[in-house]
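Geometric and topological summary
The primary structure of each chain is shown beneath.
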Amino acid sequence: MTTQREQRRLSSGEVRTRRPGVTLRRLLALPVLAVLVAGCGIRSTEVPTDFGPAPSRVRCSLSESGAAQASGGLAVQVFLLCGSSLVAVDRTVRVPDGTEDSARRVLVAQGLLDQLAEAPSAAERDAGYQTYVRGGTTVSGPRPEDPEDTLRLSTPPTELSRYALAQLVCTFSDSAAAEGDGSVILGGPGTAPVRRYDCTDEVRSQPSSHQPPSSEVPKG
């Protein structure tokens with residue numbers, strides 16, 4: 001007859017012999033669990049594989065600057081659209097030596113406008129750059145009643161596309177064509193009051209949803 005102590009030993013022995021089996025079943029279930037986790041859309045850590053290197057991101061990255069492609073002239077930057085943001089690229093504009101400051105500002109502005117209207121180079125197009133500024137627009141200086149740093153466009157600023165206006169404002173305000181305070185005073189060919197436009201971080205990063213803020217400038 002089995003005593004109560006022996007029954008307890010047998011019971012404890014059965015438990016000990018079952019534990020390795022339970023552990024083994026858990027280990028065998030791990031690969032199945034890993035497959036199920038992968039199938040649920042959880043991405044694994046990126047590790048080197050035998051399938052070649054991952055593709056590199058080349059958008060908005062240029063191997064050489066536009067300023068290096070031209071000889072002489074004044075080094076400037078213009079803002080082109082790349083992806084959803086405005087990105088500065090190097091350019092040059094030519095201004096004759098000895099030009100007076102007032103005329104120099106207009107010549108620089110016209111040069112910047114011409115550069116914006118040019119189609120991006122092949123390398124820039126490959127990197128995703130584009131421009132919305134159309135050719136044929138000219139720039140003139142202020143009228144007698146305008147502030148002295150006013151730039152008047154042959155196309156009213158209000159008739160420019162959202163992207164073109166953002167490109168112009170950010171390019172002009174960051175150049176010798178403006179006061180250098182991040183703003184530029186623009187007017188059109190008509191009698192509408194001139195306005196001061198600002199190039200903000202929001203305009204540079206999201207020109208599609210943020211227009212350059214502006215305010216009317218009193219006549220000088």
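Calculation criteria
Residues numbered from 1 in each chain as written. Predicted model: local features only at pLDDT ≥ 70, side-chain atom pairs only at ≥ 80, totals over all residues. Heavy atoms only, no water. Disulfide = S-S within 2.5 Å. Helix = DSSP H or I, 4+ residues; strand = E, 2+ residues; numbered from the N terminus. Contact = heavy atoms within 4.5 Å. Polar contact = N/O pair within 3.5 Å; in protein donor to acceptor, adjacent residues only side chain to side chain. Pairing = 2+ DSSP bridges. Axes fitted to C-alpha atoms, helices over the stretch in contact; angles between N-to-C directions. Expected span 1.5 Å × (residues − 1). Buried < 20%, exposed > 50% of the residue type's maximum accessible area, 1.4 Å probe, protein only. pLDDT = per-residue confidence, 0-100. Right-handed = clockwise from strand over helix to strand, strands pointing away.

Description of the state of the cysteines
- This model, assessed by the stated rule, comprises two disulfides.
- With a sulfur-sulfur separation of 2.1 Å, Cys60 is cross-linked through a disulfide to Cys82. Handedness here is read from the sign of the S-S torsion; for Cys60 and Cys82, about -105°, the answer is left-handed. Placement of Cys60 in the loop between helix H1 (4-39) and strand S1 (74-82) and of Cys82 in strand S1 is noted, with a sequence separation of 22 residues between them.

What to know about the environment of Ser85
- Mapped onto the elements of the fold, Ser85 is located in strand S2 (residues 85-93).
- Sequence spacing of Ser85 and Gln206 is 121 residues, and the spatial spacing of their C-alpha atoms is 5.5 Å.
- Ignoring anything within four residues of it in the chain, the contact list for Ser85 reads Leu80, Arg204, Ser205 and Pro207.
- At 3.0 Å, the side chain of Ser85 and the backbone oxygen of Ser205 are in polar contact.

A word on the pairing of strand S7 (residues 195-198)
- Pairing analysis gives four bridges linking strand S6 (residues 183-187) to S7, with the strands arranged antiparallel. Note that in S7 the partner of Leu186 across the bridge is Arg195.
- In this sheet, strand S8 (residues 214-216) lies alongside S7 in antiparallel orientation, the contact comprising three bridges. Looking across to S8, one finds that Tyr197 is bridged to Ser214.

Comments concerning the sheet that holds strand S4 (residues 139-140)
- Taken in spatial order, the five strands of this open sheet run S4-S5-S6-S7-S8, and their pairing is mixed. Here the strands that pair on one side only, and so sit at the sheet edges, are S4 and S8.
- Of the pairings in the sheet, the one linking strand S5 (residues 151-153) to S6 comprises two bridges and is parallel in character. Its bridge partner being in S6, Arg152 is matched across the sheet by Gly187.
- Along the sheet, helix H4 (residues 162-173) contacts S4, S5, S6 and S7; its crossing angle with S6, the most-contacted strand, is approximately 125°.

Here we look at helix H2 (residues 101-117)
- Here H2 spans 24 Å end to end across 17 residues, near enough to the 24 Å set by a 1.5 Å rise per residue.
- Every buried residue of H2 is listed here: Arg105, Val106, Val108, Ala109, Gln110, Gly111, Leu112, Leu113, Gln115 and Leu116.
- Buried residues along H2 sit against S1, S2, S4, S5 and H4.

Some details on the confidence of the model for the protein
- Overall, the prediction assigns the protein a mean pLDDT of 78, with 69% of residues at 70 or greater.
- A low-confidence stretch, residues 14-18 (pLDDT under 50), is modelled with zero contacts involving residues beyond four sequence positions or located in other chains.
- A low-confidence stretch, residues 65-70 stays under pLDDT 50, and its non-local contacts, those more than four residues away or across chains, total eight contacts.

Overview of the pairing of S6
- Taking burial as the measure, the five residues of S6 include five buried ones, the bulk of the element.
- Residues Ser183, Ile185 and Gly187 point to one face of S6 and Val184 and Leu186 to the other, with burial holding for every one of them.
- Since S5 and S6 lie parallel, the crossover through H4 that links them has a hand, and here it is right-handed.

Points about the sheet that holds strand S3 (residues 129-130)
- As summarised here, the arrangement of the three strands in space is S2-S1-S3, forming an open sheet in which the pairing is antiparallel. Whereas interior strands pair on both sides, the edge strands pair on one side only; in this sheet they are S2 and S3.
- Sheet topology note: the S1/S2 ladder contains nine bridges and is antiparallel. Across the sheet, the residue bridging to Ala75 is Thr92, located in S2.
- H2 contacts S1 and S2 of the sheet and is inclined by roughly 40° relative to S1.

Brief notes about the environment of Ala117
- When you line up the elements, Ala117 lands in helix H2.
- Using a relative accessible area of 27% as the deciding quantity, one classes Ala117 as partly exposed.
- Taking C-alpha positions, Ala117 is 9.6 Å from Ala164, a pair spaced 47 residues apart along the chain.

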